[in-house]
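Descriptive analysis of the structure
As a plain string of letters, each chain reads:
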Amino acid sequence: MLVLFETAAGYAIFKVLDESKLQQVDSLYKEFETPEKANKIVKLKHFEKFQDTTEALAAATALVEGKIGKSLKKVLKKVVAKEAHEQLAISDVKLGGIIKEKLDLSCVHSPAVAELMRCIRSQMEGLITGLAPREISAMSLGLAHSLSRYKLKFSPDKVDTMIVQAICLLDDLDKELNNYIMRCREWYGWHFPELGKVITDNLAYCKTVRKIGDRTNVSSSDLSDLLPEEIEAEVKLAAEISMGTEVSEQDIGNIRHLCDQVIEISEYRTQLYDYLKNRMMAIAPNLTVMVGELVGARLISHAGSLLNLAKHPASTVQILGAEKALFRALKTRKDTPKYGLIYHASLVGQTTAKNKGKISRMLAAKAALAIRYDALGEDTNAEMGAENRAKLEARLRQLEEKGIRRISGTGKAMAKADKYQHKSEIRMYDPSGDSTIPSTSKKRKFEEVEEEDAEEPVTPAVKSKKAKKEPAAEEEEAETSAAAEETPKKKKKKKKDKKVESEAEEPKEEEEEVAVSESTEKKKKKKKKKAKEEEDE
């Protein structure tokens, strides 16, 4: 039996001297404890050394892809074909099938062969003569680096790390731009505060500041290439009546330098956005068509890679980016969020608030399919994404028209089931609140007056009870109760005459309140008199 053994330095063909030892798989490693024992089991027949790292890389990539390289084919024809009657032990089943198909050689792969390969690798330095250990380790390291670089270069368009870095840098640039622009407006606002209100666009503001410098130069400078005619006229008018403070040339120079930085960063941001757009169309065209470049890039960045994003279900894609709100809702047992980063997609943004949840759910389902197609599919076209987007837009129109139809009332059954439809309640006008005069008849008023006269003797008893509670002399109590009896009677007689004339009557409660108030006043007067008499004595 012959053994094909691959190394970083080249291909080795070994001859198995004692095949009976291969049957004892568990104890085979004991026969390879030393190089001397190993040489009794296998013997090196031929070693084909690689000329350089390029040849080694070509051979390694051919083996990874399951193909026969030129050097391997040459070795097999040169050595193994002469002993075609013997079997060839190999470590890869796919490679054995290709060798058998093309060179008509019988190949063997079994657990015993795998154990033999492991034992040969443990004593490789003693079995392969003519190779220094340092040389083998150097060639192994060089081949590992070359193979890693080759795998990266194999599909540079599918490297989504660039997208993750680009979208993170884009967000950082936006934050820095906002800080710089705010600082520039505040700084130059001390000198020319009116300019900030006239020019609202940040980039145009910085370009204008860089061009005019001191506000006294506005009248002599031409701003037609930066601003429209109306705004330019406003700027020149505002410069003449500006209330800003005077600044030195050094201050203007620093402000201009800051404006240069803002303009440069803005230009680089537009360039980076174009790069990100092209990258997204190359790596995830269907996802880009569905949700847009920025939202798609943020989804990939949040998941870590396109392949990781493809492993997420549609429900996770829908709320990706709203993890904090999700766990807060689960903790407090409230409604979970309906959307995360996908909320910024154009399809969700153009729907009404009522349908945002439905559209985000449908968009997440279609986007999950698009992500998997982009990550695992071989085609690079965006037909599937465009088709799914058309379906979503049609569904969106249907939902919007459904709402309009319900409000218009064309579908009666649907209008009944609509919970947002308001039923008008007809209320009659109540004129009773317009007038403060009671609307009772004259006869009834006279009856009420007579009843009140009949009930009059009851009131003084109540008053006398209340008066007894106070800690005062018995004589005072008697006098006050008598006065309280006399005054209400006189008052009531006068009020009766007035009520008959005006045909109106005040309620019984008011009369009692008047009586109580007058009695309390008389009590206070008597107490004051008594106090004066005691002082005189």
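Sequence order sets the numbering: in each chain, residues are counted from 1 along the sequence as written. Whole-chain, interface and lining totals are the exception, using all residues; otherwise, since this is a predicted model, local features are given only for residues with pLDDT of at least 70 and side-chain atom pairs are given and counted only at 80 or more. As a rule here, side-chain values come from all non-hydrogen atoms in the structure, and water together with hydrogens is ignored.

Describing the overall build of the protein
Note the threshold: We count a stretch as a helix when DSSP gives it H or I for four or more residues in a row; a strand needs E for two or more, and each element gets its number in order from the N terminus. For every residue, the accessible area obtained with a 1.4 Å probe (protein chains only) is divided by the maximum for its type, and the residue is called buried under 20%, exposed over 50%, and partly exposed between those limits. Whether two residues are in contact is decided by their heavy atoms, any of which lying within 4.5 Å being enough. All accessibility values rest on the Shrake-Rupley procedure with a 1.4 Å probe; residue burial counts only the protein chains present in the view.
The helix and strand tally for the protein stands at 25 helices and 5 strands. For the protein, with 537 residues in total, the buried portion stands at 36%. Pairs at least 24 apart in sequence give 65% of the contacts found in the protein among residues at least 6 apart. Working note: accessible area of the protein is about 34400 Å², and carbon and sulfur atoms make up 53% of it.

Focus: the nonpolar core
How we decide: Grouping buried Ala, Val, Leu, Ile, Met, Phe, Trp, Tyr and Cys residues that are joined through side-chain atoms within 4.5 Å yields what is termed a nonpolar core.
Within the largest apolar cluster, 63 residues are counted, with the highest numbers of intra-cluster contacts made by Tyr 188, Phe 192, Leu 195, Val 235, Val 291 and Leu 363. When residues of this core are assigned to their parent elements, the largest contribution, 11 residues, is made by helix 12 (residues 249-283). Apart from the residues lying within four places of it in its own chain, the contact partners of Phe 192 are Ile 212, Arg 215, Val 218, Val 235, Ala 238, Ala 239 and Ser 242.

Observations regarding the side chain of Asn 388
Along the polypeptide, Asn 388 turns up in helix 20 (residues 383-408). Setting aside chain neighbours within four positions, we find Asn 388 in contact with Met 290 and Lys 366.

Let's talk about the packing of aromatic side chains
Threshold: In this scheme Phe, Tyr and Trp rings, the latter by its six-membered ring, pair at centre separations within 6.5 Å, and the angle between planes marks the pair as stacked below 30 degrees, edge-to-face above 60, and tilted otherwise. A positively charged side chain is recorded as over a ring if its NZ (Lys) or CZ (Arg) lies within 6 Å of the ring centre. The angle to the ring normal must also be within 35 degrees.
Scanning the entire structure with this criterion turns up 4 aromatic pairs. Centroid distance Phe 5 to Phe 14: 6.3 Å. Interplanar angle 70°. Geometry classified as edge-to-face. Phe 5 gets classed as buried once you look at its relative accessible area, which sits at 2%. The aromatic ring of Tyr 205 is capped on one face by Arg 185, whose charged end is 4.4 Å from the ring centroid.

Comments concerning a positive patch on the surface
Applicable threshold: Residues enter patches when their relative accessible area tops 30% and they take part in no salt bridge; the joining distance is 9 Å for like charges and 5 Å for the nonpolar side chains Val, Leu, Ile, Met, Phe, Trp and Tyr. Salt bridge, as applied in this entry: a Lys or Arg side-chain nitrogen positioned within 4 Å of an Asp or Glu carboxyl oxygen. Charged residues are defined narrowly, with Lys and Arg counted positive, Asp and Glu counted negative, and His plus the chain ends left uncounted. One atom stands in for each charge, and that atom is NZ of Lys, CZ of Arg, CG of Asp or CD of Glu.
Residues Lys 354, Lys 358, Arg 361, Arg 395 and Lys 402 make up a contiguous surface patch of positive charge. Elements with a minimum of two residues in the positive patch: helix 19 (356-376) and helix 20. Position of Lys 358 relative to the elements: it lies in helix 19. A relative accessible area of 37% places Lys 358 in the partly exposed class.

Section: unusual backbone geometry
In this model, Arg 333 sits at a positive phi of 60°, which is unusual for a non-glycine residue. Mapped onto the fold, Arg 333 is located in the loop between helix 17 (323-332) and helix 18 (346-349).

Considering the pattern of salt bridges
Under the defined criterion, the tally for this structure stands at 12 salt bridges. As a salt-bridge pair, Lys 37 and Glu 33 come within 3.6 Å of each other at their nearest N and O atoms. Residue classification places Lys 37 among the partly exposed residues on the basis of a relative accessible area of 35%. On the accessibility criterion, Glu 33 (48% relative accessible area) is partly exposed. Here Arg 210 and Asp 260 are joined by a salt bridge, their closest N and O atoms 3.2 Å apart. Remark: Asp 260 occurs in helix 12 and Arg 210 occurs in helix 10 (residues 202-212); sequence separation between them is 50 residues. Assessed through its relative accessible area of 36%, Arg 210 is described here as partly exposed.

Quick word on helix 8 (residues 161-189)
Put simply, the rule is: Helices are assigned an expected span. That span is 1.5 Å times one less than the residue count.
Taking 1.5 Å of rise per residue, 29 residues should cover 42 Å, and helix 8 covers 42 Å from first to last C-alpha, within 8% of that figure. For helix 8, the set of buried residues is Ile 163, Val 164, Ala 166, Ile 167, Leu 170, Leu 173, Leu 177, Ile 181, Cys 184, Tyr 188 and Gly 189. On its buried side, helix 8 packs onto helix 9 (194-198), helix 10, helix 12 and helix 14 (293-303).

What to know about the sheet that holds strand 4 (residues 88-89)
Basically, it comes down to this: By definition, two strands form a pair when at least two bridges between them are found by DSSP. In this description, a line fitted to the C-alpha atoms serves as the axis of each element, helices being fitted only across the stretch in contact, and the angle between N-to-C directions of two axes falls anywhere from 0 to 180 degrees.
A sheet is described by the order of its strands in space; here 5 strands give the open sequence 3-2-1-4-5, paired in mixed fashion. If you trace the sheet from one side to the other, it starts and ends with strand 3 (42-49) and strand 5 (107-108), each paired once. Direction of pairing for strand 2 (residues 10-16) relative to strand 3: antiparallel, over a ladder of 7 bridges. When the sheet's bridge partners are listed, Lys 15 is paired in strand 3 with Lys 43. Relative to the sheet, helix 5 (residues 111-122) contacts strand 1 (2-6), strand 2, strand 3, strand 4 and strand 5, its axis offset from that of strand 1 by approximately 55°.

Notes on the environment of Leu 306
Relative to the helices and strands, Leu 306 is located in helix 15 (residues 306-311). Along the backbone, Leu 306 and Leu 376 are 70 residues apart, and their C-alpha atoms lie at a distance of 9.6 Å. Ignoring sequence-local partners within four residues, the contact set of Leu 306 consists of Asp 160, Ile 283, Ala 284, Ile 300, Ile 371, Asp 374 and Ala 375.

Topic: the confidence of the model for the protein
We apply this condition: Per residue, pLDDT measures the predictor's confidence, with a range of 0 to 100.
Per-residue confidence for the protein gives a mean pLDDT of 79, with 75% of residues at or over 70. In this model, residues 411-418 is a region of pLDDT below 50 whose contacts with residues beyond four sequence positions or in other chains number 8 contacts. Predicted confidence is poor over residues 482-496, with pLDDT under 50, and the contacts of this stretch with residues over four places away or in other chains come to 18 contacts.

Quick look at the packing of helix 10 against helix 12
The angle between the axes and the distance between the axes are what describe a pair of packed helices. What counts, and what does not: Here the angle decides the label: under 35 degrees means roughly parallel, over 145 means roughly antiparallel, 65 to 115 means roughly perpendicular, and every other value means oblique. Crossings are classed by handedness, with left-handed meaning an anticlockwise turn of the near helix from the far one by less than a right angle and right-handed meaning a clockwise turn. Each residue is assigned to one class: nonpolar for Ala, Val, Leu, Ile, Met, Phe, Trp, Tyr, Cys and Pro, charged for Asp, Glu, Lys and Arg, and polar for all the others, Gly among them.
One way to put it is that helix 10 packs onto helix 12 with a least axis distance of 9 Å and a crossing angle of 140°. By the angle between their directions, the pair helix 10 and helix 12 is classed as oblique. For the crossing formed where helix 10 meets helix 12, the hand is left-handed. Judged by residue contacts, Leu 203, Cys 206, Lys 207, Val 209, Arg 210, Lys 211 and Ile 212 of helix 10 engage Ile 255, Arg 256, Cys 259, Asp 260, Val 262, Ile 263 and Ser 266 from helix 12. Looking at side-chain class alone, the contact of helix 10 with helix 12 contains 8 nonpolar, 1 polar and 5 charged residues.

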